[in-house]
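Survey of secondary and tertiary structure
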Amino acid sequence: QKCLSGAADGDIKVWNVKAGTVERVCAGHSGPVVTIHADERCIFSTSFDSSCRVWNWQGRNTQTLLGHQGHVCGLSPQPGDEGTIWTGADDGVVKRWNVETGTCTANLDPTVGLDQSFQP
């Protein structure tokens, strides 16, 4: 069984729960890690460094999704579509991303307030 943790130093640790040990460290964020989501294919993380990163289970950063102008504090996969994730940031923008290409495929830019919580 695995568990993930994100830290203020920008690292994500993959834990072996039974042994209580860190199996690997995903290093790459330059700010604190805010959210983590994982599936059988990969690990997603968001950070105060304005990015969302995609990692393989070996700890390699396979995509860096850039485009927000603030701390990326929300992350959600698209139900039924493992190739799409959504991010939200304190810039008030919600973005839809193609995970394979690393491109933003939709920008939901509200005119009032900050959207930090959302559900696709």
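Residues numbered from 1 in each chain as written. Predicted model: local features only at pLDDT ≥ 70, side-chain atom pairs only at ≥ 80, totals over all residues. Heavy atoms only, no water.

Overview of the side chain of Arg53
Of note, Arg53 is situated in strand S6 (residues 51–55). No salt bridge is formed by the buried Arg53; the nearest opposite charge belongs to Asp49, separated by 4.3 Å. A distance of 2.5 Å separates a polar atom in the side chain of Arg53 from a polar atom in the side chain of Asn61. A polar contact of 3.2 Å, which involves the side chain of Arg53, links it to the side chain of Thr64. Setting aside anything within four residues of it in sequence, one finds Arg53 in contact with Gly28, His29, Ile43, Phe44, Ser45, Asn61, Gln63 and Thr64. (Helix = DSSP H or I, 4+ residues; strand = E, 2+ residues; numbered from the N terminus. Buried < 20%, exposed > 50% of the residue type's maximum accessible area, 1.4 Å probe, protein only. Lys, Arg positive; Asp, Glu negative; His and termini not counted. Salt bridge = Lys/Arg side-chain N within 4 Å of Asp/Glu carboxyl O. Polar contact = N/O pair within 3.5 Å; in protein donor to acceptor, adjacent residues only side chain to side chain. Contact = heavy atoms within 4.5 Å.)

Examining the sheet that holds strand S11 (residues 103–108)
Taken together, 4 strands build an open sheet; the order of strands is S8-S9-S10-S11 and the sheet is antiparallel. Of all strands in the sheet, those with a lone pairing partner are strand S8 (72–78) and S11, marking the two edges. Neighbour to neighbour, the strand axes of the sheet diverge by 25 degrees on average, direction disregarded. (Pairing = 2+ DSSP bridges. Axes fitted to C-alpha atoms, helices over the stretch in contact; angles between N-to-C directions.)

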